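Understanding the architecture of this molecule
Each chain is listed here by its residues.
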Amino acid sequence: MALKIASRFRRLLQRPGSIDLGPYERLTQLVGEAEESVLSLTDEELTEAVAELRTTGGLHEDEQIEFLALARDAGRRAIGERAFDGQVVGALAMLQGRIVEMATGEGKTLAGAIAAAGYAVGGRTVHVLAVNDYLAKRDAEWMGPVYELLGVTVSHVGQASTPEERREAYQAEVCYVPVSEIGFDVLRDRLVTDVADRVTVAPDVALVDEADSVLIDEARVPMVLAGATRNEALDDDVVQLVRTLRAGVDYEIDGDGRTVALTDRGTDKVEKALGERVAVAEAEAADVDSEDDGEDEDDTAVEAERPVFNLYDDENLDRLTQINVALHAEVLLRKDVDYLVRDGKVSLINNNRGRIAKLQRWPDGLQAAVEAKEAVPVSDSGEVLDSITVQALIKRYKSLCGMTGTAVVVGESLQEFYDVEVAVVPPNKPNVRKDDQDRLYLTVDQKNEALVKHIGEVHETGRPILIGTHSVEESEQLSDQLEAAGIAHVVLNAKNDAEEAAIIAEAGVPGTVTVSTQMAGRGTDIRLGGKDETHDKDKAIELGGLYVIGTGLHASRRLDDQLRGRAGRQGDPGGSLFFASLADELVTRYSVSSGLRPHPDGTGRLTDRKSVGMLEHAQRVADGANAELHRTTWQYNRLTGQQRAILLETREKVLTEDLAATELAERAKERYDELVDEVGEDVVKSAARRIALRHLDRRWTDHLAYLADLREGIHLRSLAGGIVHLKPIDEFNKSAIASFDTLIEDAWKDAAATFADAEISADGLNEEAGGIPRPTATWTYLVNDNPFGTEADRILGRLRNAIKPESGAEPEEILAEEFDEDDLPEELRDLDDEDLPEELRAAGEDDADDDDGAAKKKD
């Protein structure tokens, strides 16, 4: 009753997660009544009963009740799991196009399978979008017997799937596939030159597992398809030169850690080093010439004639690019955090998942720079052929639904970006997990010392412990510390993610300590007593259940809640505790700490309100920054998506009709008729099609490159607008439209020029001879699509600059420094006091009694 009242109260307030579950609960009662008649059916009769419900227009309410009764019993028969009422409510909500919030351990996988099968029986094709290969394969195989009993075909796709396997898998009624894989398959299908080469099918229903992670977190990172062009090995002398540069002296990193740039001093140092190498090369060349000519040249004369090396001369553009990417690789990309070196190759790590991102690379020479940094063989570089955002990918589907453990927090974003509502399903059993207050410390070392000590104390009791870390590097550092403390443990990170199932299966066994990266995104279910609940489950319960420890707060409280949710499943006891420090990246990046007077105890722990408030404030700012990043990504990609749709419409006609032959016959009639007489019309049509497709793709690739360059500099236009404020997005759209206006016509002109000279024989078009070869290989990668940071990042950066002390100032001088409203970024000047960051608001209150009566604020 209390849950119903709470649900309706949220509905009254129009808050996210306020969908009234009343209609679903009434239908669930009817499902329970209908289930009695299903129990007497044989397996064959059950399958036949489902087949009789099959339709092409979707299941109506009465049909849904009958189907759900059959599906519930199919779960009991096939895998020994009869769906709880909450799971039936969740399945109903998903069949109505909702995002369902169900706590960890409440059976989202079975609820999702029932919903997917319901759509399939109603004549729909379903893609269950998972967060990674492991879960796609596991869930497809786990739920396979249920689908089989219901007469529904099921399959799965993974990173290692071949084109033939993908094509076959997508033909199934229900296909489990990682969101990145379907995205990359869509991109590859857009570049095929033969319809038979396509692997995907028309999008229909998307059922998203871990919906908040996929639809919100990963929506900030566009998926990109690149084609091989050339090898871009960096000169070893560039790599060695970059390693001699010093932070804060030769280069500076921006406040949010996104970019790095040479200082004037660094530029001078680089130019001097490169100039000396040029001088040596010229001197050696002069020596050779003098030997050949029988003359001696004075070294000083050569030096005097040598011009000063200017890194920014047009002729040195390639060397400048090498310096920049080498500096980025050396300073901003960290081994075991952003990438791993394994089997002589550099492999990217998906930070959201804590896993190796197979077949993914960095663009624009950065991959080669990292490979040079790690002294491994350098692979080919490439150019962007196409890209797509998660939001654009999801918008292709006619229907959207999904499930997750934490949807209410992002309910407004789900409504804004996807026009989908959230339904909160109460747990089957009350949650009795005990979540302790976060422990905050002054420094990272003090935090780690307290962390290891606490782990040791809990481990001595025998209670199972799960420790969530943020990176491979952090997990291995903690592992070393635990080993030094004599605490036996196992580690799960991107280096051994193949062992995930075995490691997680034992995480709930008493005495076990498990260290994992990005546990919040692994989608795994930890049972007390192990996988089969046979290893001292009663003892684990007696000890208080699984104890979750976080080594630092995530950028979103929602991710913290996902990690906490690994404990306390299905009414089990459990507990959680997070450690943090004021030196954690979350605080240093998203909070303004000047003016804070921390008073730690002997262990470095902070308990004062302002320090704890700063931690909470940083997390709120990070949440807002990430939401804006998603919004910005979508704004800049919306027009590009519309232009892509126009291009794809033309491309589809070229691919499936005779548009290319018609166009080229009009533009080069004599050549067309001549070739038809020589090799036949079918051969000419095929050649015309391939030429037209290649030039359409080439023009689109060039357009994307132009947009990328435009995006990098578009904010400068707002600065150049004078008193007229120019919105970057408006200026971007104007230029993008102008660039695209003639794209298709220019592609036809290029195609006609190529067709006039192309080598076309009875065997078809010679693409190499015609100068229109396609990429020899393609690969994928993910990119941060907001190189300038979010608006919140920029506000914080300007705040730091406004209150940053002189280098020689003493702490008390910093605290006494004052700044008035003019010192604030304009974004904060008109805010009410309660909307200001807490540290600024509190500082302003302290200064309210100044003699001049002015309401100055200090930090």
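Above this text sits the structure in question.
What this report covers is the structure whose coordinates are included nearby. Remember, predicted model here, so these are calculated numbers, not experimental data.

Brief notes about the side chain of Asp204
In this fold, Asp204 is placed in the loop between helix H9 (179-189) and strand S5 (205-209). When residues no more than four places from it in sequence are discounted, the contact partners of Asp204 are Arg124, Thr125, Tyr397, Lys398 and Ser399.

Focus: helix H19 (residues 472-484)
For H19, built from 13 residues, the straight-helix expectation of 18 Å at 1.5 Å per residue is met to within 8% by its first-to-last C-alpha distance of 18 Å. Looking at H19, one finds that the buried residues are Val472, Ser475, Leu478, Ser479 and Leu482. Buried positions in H19, seen along its axis, are confined to an arc of 130 degrees and lie on one side of it. Positive backbone phi, at 75 degrees, marks Gly486, one or two positions downstream of H19.

Observations concerning the pattern of salt bridges
The tally for this structure, following the rule as stated, stands at 40 salt bridges. Between Asp185 and Arg188 there is a salt bridge, and its shortest N-O distance comes to 3.0 Å. Remark: Arg188 and Asp185 occur in helix H9; sequence separation between them is three residues, near one turn of the helix. Between Arg557 and Asp438 there is a salt bridge, and its shortest N-O distance comes to 3.1 Å. With Arg557 in helix H22 (residues 557-564) and Asp438 in the loop between strand S15 (434-435) and strand S16 (439-441), the pair connects residues that are 119 residues apart, well separated along the chain. Residue Arg557 is classed as partly exposed on the basis of its relative accessible area of 32%. A network of salt bridges, in which partner residues are shared, links Glu35, Arg72, Arg82 and Asp85.

A word on the packing of helix H2 (residues 22-38) against helix H5 (residues 85-95)
One way to put it is that H2 packs onto H5 with a least axis distance of 9 Å and a crossing angle of 120 degrees. Relative to H5, the element H2 lies oblique. Seen along the crossing, H2 lies across H5 with a hand that is right-handed. Mapping the contact onto sequence places Tyr24, Glu25, Leu27, Thr28 and Val31 in H2 and Asp85, Val88, Val89, Leu92 and Ala93 in H5. Partitioned by chemical class, the residues of the contact of H2 with H5 number seven nonpolar, one polar and two charged.

Considerations on the pairing of S5
Burial runs high along S5: five of the five residues are buried. Taken together, the four bridges between strand S2 (residues 126-130) and S5 define a ladder with parallel strand orientation. Paired with Val128 across the strands is Leu207, a residue of S5.

A closer look at the nonpolar core
Counting 97 residues, the largest nonpolar core has Phe67, Leu150, Leu215 and Tyr418 as the members making the most contacts within it. Counting residues per element, this core draws most heavily on helix H6 (residues 108-121), at ten residues. Setting aside its immediate chain neighbours within four residues, Tyr418 contacts Leu215, Ile216, Ala219, Val390, Gln391, Ile394, Lys395, Leu400, Ser413 and His630. Of all hydrophobic cores here, the second largest spans 32 residues; its members include Leu664, Ala668, Val684 and Leu704.

Here we look at unusual backbone geometry
In this structure, Glu210 takes a positive phi of about 50 degrees despite not being glycine. Relative to the helices and strands, Glu210 is located in the loop between S5 and helix H10 (211-217). Assessed through its relative accessible area of 8%, Glu210 is described here as buried. One non-glycine residue, Gln570, lies in positive phi territory at about 50 degrees. For Gln570, a relative accessible area of 13% gives the class buried.

Observations concerning helix H29 (residues 743-757)
Between its first and last C-alpha, H29 extends 22 Å over 15 residues, near the 21 Å set by a 1.5 Å rise per residue. Within the sequence span of H29, burial applies to Leu743, Ile744, Ala747, Trp748, Ala751, Ala752, Thr754 and Phe755.

Digging into the packing of aromatic side chains
Counted under the stated rule, the structure contains five aromatic pairs. Judged by centre distance (5.0 Å) and plane angle (70 degrees), the ring pair of Tyr636 and Phe732 falls under edge-to-face. Taken as a pair, Tyr636 in helix H24 (residues 609-656) and Phe732 in helix H28 (residues 728-740) lie far apart in primary sequence, 96 residues in all. With a relative accessible area of 5%, Tyr636 lands in the buried category. In this structure Phe732 comes out as buried when scored by relative accessible area, which is 3%.

A closer look at the sheet that holds S5
Across the sheet, which stays open at both edges, the seven strands sit in the order S3-S4-S2-S5-S13-S1-S14 with parallel pairing between neighbours. Single-partner strands in this sheet number two, and they are strand S3 (154-156) and strand S14 (422-424). When strand polarity is set aside, the average angle formed by the axes of neighbouring strands in this sheet is 20 degrees. Set on the sheet, helix H7 (residues 133-150) makes contact with S2, S3, strand S4 (174-178) and S5; between it and S4 the angle comes to about 165 degrees. Sheet strands touched by H9: S2 and S4. Its angle to S4, the strand with the most contacts, is close to 95 degrees.

Some points on the environment of Leu245
Its location among the elements puts Leu245 in the loop between helix H11 (236-243) and strand S7 (251-253). Classification of Leu245 as buried rests on a relative accessible area of 7%. C-alpha of Leu245 to C-alpha of Arg265: the two residues are 20 residues apart in sequence and 10.0 Å apart in space. Once you skip the residues sitting within four places of it in the chain, Leu245 turns out to touch Asp250, Tyr251, Leu262, Lys269, Val270 and Leu327.

A look at the environment of Glu474
Mapping Glu474 onto the fold places it in helix H19. With 138 residues separating them in the primary sequence, Glu474 and Asp336 have C-alpha atoms 8.5 Å apart. Residues in contact with Glu474, not counting those within four places in the same chain, are Thr469 and Thr551.

Examining the environment of His695
Structurally, the position occupied by His695 is in helix H27 (residues 681-719). Along the chain, His695 and Trp748 lie 53 residues apart, while their C-alpha atoms are 7.5 Å from each other.

Conventions used here
- Residues numbered from 1 in each chain as written.
- Predicted model: local features only at pLDDT ≥ 70, side-chain atom pairs only at ≥ 80, totals over all residues.
- Heavy atoms only, no water.
- Helix = DSSP H or I, 4+ residues; strand = E, 2+ residues; numbered from the N terminus.
- Contact = heavy atoms within 4.5 Å.
- Expected span 1.5 Å × (residues − 1).
- Buried < 20%, exposed > 50% of the residue type's maximum accessible area, 1.4 Å probe, protein only.
- Arc of directions from axis to C-beta.
- Salt bridge = Lys/Arg side-chain N within 4 Å of Asp/Glu carboxyl O.
- Axes fitted to C-alpha atoms, helices over the stretch in contact; angles between N-to-C directions.
- Parallel < 35°, antiparallel > 145°, perpendicular 65-115°, else oblique.
- Left-handed = near helix turned anticlockwise from the far one by under 90°.
- Nonpolar A, V, L, I, M, F, W, Y, C, P; charged D, E, K, R; others polar.
- Pairing = 2+ DSSP bridges.
- Core = buried A, V, L, I, M, F, W, Y, C linked by side-chain atoms within 4.5 Å.
- Phe/Tyr/Trp six-rings, centres within 6.5 Å; stacked < 30°, edge-to-face > 60°.

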